[in-house]
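# Structural overview
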Amino acid sequence: MGKEHRDCENGNFKGEITDSHRFCKLHSSFGFMLLEPLNYMRRYYESGATQSFSFRKEQLKKLKQAIVKYEKELYAALYSDLKKSPEECWVTELGMVTAEINAALKSLHRWMKPQKAGTNLLNFPSSSYVMNEPMGVALIIGPWNYPFQLLINPLVGAIAAGNCVVLKASEFAPATDSVMKKMIEEIFPKEYILYMQGEGALIVPQLMNYFRFDFVFYTGSTAVGKIVYKMAAEHLVPVTLELGGKSPCVVEVDANIKVAARRIAMTKFSNAGQMCVAPDYVLVQQSVKEKFIESLRGALLSFFSNKPEEDYNYCRIINEKQFDRLTGYLNSGKIVHGGRTDRGKLFIEPTILENVSLDTQVMKDEVFGPILPVITFETMDEAKQIIQQNPNPLAFYVYTSSRKRGIEWLNAIPSGGACINNSSWHLTNHHLPFGGRGFSGMGNYHGKYSFDTFSHKKAVMKTPTWFDPNLKYPPFKGMLKWYKKIIR
Ligand code: NAD
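Residues numbered from 1 in each chain as written. Predicted model: local features only at pLDDT ≥ 70, side-chain atom pairs only at ≥ 80, totals over all residues. Heavy atoms only, no water.

### Regarding the overall build of the protein chain
The cut-off we apply is this: A run of DSSP states H or I qualifies as a helix once it reaches four residues; a run of E qualifies as a strand once it reaches two. Both are numbered from the N-terminal end. Here the globule rule is a power law, 2.2 Å times the number of residues to the power 0.38, and the radius of gyration is based on C-alpha atoms. Relative accessibility decides the category of a residue: with a 1.4 Å probe and only protein chains considered, values under 20% of the type maximum give buried, values over 50% give exposed, and everything between is partly exposed. What sets the accessible areas is the Shrake-Rupley method with a 1.4 Å probe; for residues, cover comes only from the shown protein chains.
Counting its regular elements, the protein chain contains 16 helices and 18 strands. Taken over the C-alpha trace, the protein chain has a radius of gyration of 26 Å; the compact-globule value for 488 residues is 23 Å, and the two agree within 12%. Overall size of the protein chain, expressed as C-alpha extent along the three principal axes, is 80 × 60 × 40 Å. Taken over 488 residues, the protein chain has a buried fraction of 52%. In the form shown here, the protein chain has an accessible surface area of approximately 22200 Å², with 56% of it arising from carbon and sulfur atoms.

Next up, the structure:
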């Protein structure tokens, strides 16, 4: 950043305001209220305070301890927002983040080390390496469905990589939002990690238009992802976009149908289907459809009883808007299980639909709720055509006992991630990169991938002075034969 820009951010700039100073318009309605702390943050970052190994490690430990301290409050908040049980909270929210922190604490020293790189003959006797430089001041925007995990997991990567961070949680999980704010403000100074609350459509554009972040990490819908991407593009800010989409689930004739049904039921109806990698719809081979639906029914009854509205394990829909959207899908096919709803309790029974026409809205939108369309197919080509209506899903699942068939499917369907004989669990393995492609997003994170996402890979070449061949300096005439020997 140039001196003028810095002066501008410091409020000292006296020259003409040009396009390059547009982020610094202190007279906007946004004004000092939000820009001041961001400018502090910028200066704090530039002081280098966040960069040492010991600092990063200390902050990760603080975060881990805070999760222990706030465990009960977080459970209560997540129950209030989504009726999640403590067990579900641990597996999908607090425990997952704790495991990420532990992985970072274990490996941070190694991750931070510059990676040696080879050096070509042209640059002999230089040495080369890749240095991990923090991105700088990052903005992390989270959704409401796993409000804790999806905001704090990226934060772990950002801290590990030495960044300052502005956190913006979803306003639609207000109880969790408020506990996270209390927790973050208790452990981190505002110039290091700043927690912002409010309506995303108002706050995020204000933040991104008036302050130039060095990186934006966004998790949420594809529609809002496009808005965030456009705002970032305006200032050439790099982004990671973790978006949604329709993740298909294929059940082949040779699959272990009982196990497939249990696994699909588990991840489709966990968090009442409000999971980005939940199987969105099932494509089952015609001849095993009845057996599959029967097994699915059995699994649902054993997981959530015949009174899921009272069941300890079954969550609720986040709000009336989502409830109304979801209940609108219920007449898209024949209900073969479930279908009961209660708007007052934001309850939708785990529901299976069959005979769903491909041109209905439920087959166009991401369902993101406890409604599972089951569609039959005869050939792989037929199933592929259905999947291609919504290309590049966040995840793709295939159930088959044939190793060859599984690989054929993986090669046929481009997707962010995939599982064979499983659904969704790949996201809980921090050794794997998690992210989408195309409409389901760009970039990835988890474990070391989070560290890499929040680091700039700086290419460094170090050259001794004892050897300085004339070959590299003009006059070049007559050197071609030598260049052809060296560069090939
Ligand atoms: P959303 O896009 O409505 O909101 C996400 C965040 O963006 C929130 O913090 C919100 O305040 C903010 N926001 C809303 N409008 C905005 C605007 N106009 N400009 C800037 N920011 C704005 O998403 P959601 O409803 O909270 O989450 C559901 C979606 O997220 C689903 O599509 C789901 O698949 C996806 N999702 C993806 C992942 C993933 O890891 N890929 C994880 C969870 C959810």
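### Looking at empty space enclosed by the protein
Which parts of space are left empty comes out when a probe the size of a water molecule is rolled across the atoms. Keep this limit in mind: A cavity here means a set of 1 Å grid points, computed over protein atoms only, where a 1.4 Å probe fits but cannot escape. A pocket is an open set with protein on both sides within 12 Å along at least 5 of 7 lines, and lining residues have an atom within 4 Å of a point. Grid points are joined across faces, edges and corners, and a volume is the space filled by probe spheres set on the points. All amino acids are sorted into three groups, where Ala, Val, Leu, Ile, Met, Phe, Trp, Tyr, Cys and Pro are nonpolar, Asp, Glu, Lys and Arg are charged, and the leftover types, Gly among them, are polar.
This structure, assessed with the given rule, holds two cavities of 30 Å³ or more. Estimates place the volume of the largest cavity at around 40 Å³. Along the walls of the largest cavity sit Gly-245, Ser-247, Lys-268, Gly-273, Met-275, Cys-276, Ala-278, Pro-279, Asp-280, Glu-366 and Phe-368, which together make up its complete lining. Considered class by class, the residues forming the lining of the largest cavity number five nonpolar, three polar and three charged. Counted as a void, the second largest cavity has a volume near 40 Å³.

### Description of the packing of helix α10 (residues 257-269) against helix α11 (residues 289-304)
Test applied: In this description, a line fitted to the C-alpha atoms serves as the axis of each element, helices being fitted only across the stretch in contact, and the angle between N-to-C directions of two axes falls anywhere from 0 to 180 degrees. The cut-offs work like this: below 35 degrees is roughly parallel, past 145 is roughly antiparallel, 65 to 115 is roughly perpendicular, and the gaps in between are oblique. Here a crossing is taken to be left-handed if its near helix is turned anticlockwise relative to the far helix by less than a right angle, and right-handed if that turn runs clockwise. Contacts are assigned to residue pairs with any non-hydrogen atoms lying within 4.5 Å of each other.
Running from N to C, α10 and α11 cross one another at 50 degrees; their axes reach a closest spacing of 8 Å. On the basis of their axis angle, the class for α10 and α11 is oblique. Between α10 and α11 lies a crossing of right-handed hand. Contact residues: Ile-257, Lys-258, Ala-261, Arg-262, Ile-264, Ala-265, Met-266 and Phe-269 in α10; Lys-291, Phe-292, Ser-295, Leu-296, Ala-299, Leu-300, Phe-303 and Phe-304 in α11. Across the contact of α10 with α11, the residue classes break down as twelve nonpolar, one polar and three charged.

### Here we look at the layout of surface pockets
Here the largest pocket defines a volume of roughly 1000 Å³. Forming the walls of the largest pocket are 38 residues, and the residues nearest its centre are Trp-144, Tyr-218, Gly-220, Ser-221 and Val-224. Mapped onto the lining of the largest pocket, the elements with two or more residues apiece are α8 (200-210), β6 (215-219), α9 (222-234) and α12 (320-327). Counting residues per element, the lining of the largest pocket draws most heavily on α9, at five residues.

### Quick look at the packing of aromatic side chains
Cut-off, in case you're wondering: Any two rings among Phe, Tyr and Trp, with Trp reduced to its six-membered ring, count as a pair given centres within 6.5 Å; such a pair is stacked if its planes are under 30 degrees apart, edge-to-face if over 60, and tilted if neither.
Tallied over the entire structure, the rule returns 18 aromatic pairs. Plain terms: the ring middles of Phe-217 and Tyr-445 are 4.7 Å apart, the flat faces sit at 70 degrees to each other, and that makes the pair edge-to-face. Placement of the pair is Phe-217 in strand β6 and Tyr-445 in the loop between β17 (441-442) and α15 (447-453), with a sequence separation of 228 residues. On the basis of relative accessible area, Phe-217 is assigned to the buried category, the value being 0%. Arranged with centres 6.0 Å apart and planes meeting at 75 degrees, the rings of Tyr-314 and Phe-347 form a pair that is edge-to-face. Highlighted residues: Tyr-314 in the loop between α11 and α12 and Phe-347 in strand β12 (residues 347-348), separated in sequence by 33 residues. Of the two residues, Tyr-314 and Phe-347, neither departs from the other in class, the shared state being buried. Taken together, Phe-215, Phe-217, Phe-434, Tyr-445 and Phe-454 form an aromatic cluster joined through their ring pairs.

### Focus on the site of the ligand
What counts, and what does not: Throughout, the term near means that a residue has one or more heavy atoms lying within 4 Å of the molecule or strand in question. Any N or O atom pair separated by 3.5 Å or less is treated as a polar contact, with the protein-specific requirement of one donor-capable and one acceptor-capable atom, and with residues adjacent in sequence counted only for side-chain atom pairs. Whether a molecule lies in a cavity or pocket depends on its atoms, and more than half of them have to be within 2 Å of the grid points. For the purposes of this description, domain bounds are those given by an automatic or database domain assignment.
Every one of the 27 residues lining the ligand counts as a neighbour, but Gly-142, Glu-171, Tyr-218, Ser-221 and Glu-366 are closest to it. Between Ser-221 and the ligand, the recorded distance is 2.7 Å, taken from a side-chain N or O atom to an oxygen atom. Residue Glu-242 places a main-chain N or O atom 3.4 Å away from a nitrogen atom belonging to the ligand. Protein burial of the ligand: of its 850 Å² of free accessible surface, 91% is covered by the chains. In a pocket analysis with a 2 Å cut-off to the grid points, the ligand is assigned to the largest pocket. Those elements giving two or more residues to the shell around the ligand turn out to be α8, β6 and α9. It is α8 that contributes the most residues to the shell around the ligand, three residues altogether. Of the residues in the shell around the ligand, the class split is 15 nonpolar, eight polar and four charged. In this structure, the shell around the ligand is formed jointly by two domains, domain 1 (4-242 + 443-456) and domain 2 (248-435), each of which donates at least three residues.

### Considerations on the pattern of salt bridges
The following threshold applies: Counted as salt bridges are all cases of a side-chain nitrogen of Lys or Arg within 4 Å of a carboxyl oxygen of Asp or Glu.
Within this structure, the stated rule accounts for 23 salt bridges. The salt bridge partner of Lys-168 is Glu-171, with a shortest N-O separation of 3.4 Å. Judged by relative accessible area, Lys-168 falls into the buried class, the value being 2%. What makes Glu-171 partly exposed here is its relative accessible area of 26%. Among the salt bridges present, the one from Lys-190 reaches Glu-185, with a minimum N-O distance of 4.0 Å. For Lys-190, a relative accessible area of 44% gives the class partly exposed. The partly exposed category is assigned to Glu-185, whose relative accessible area is 30%.

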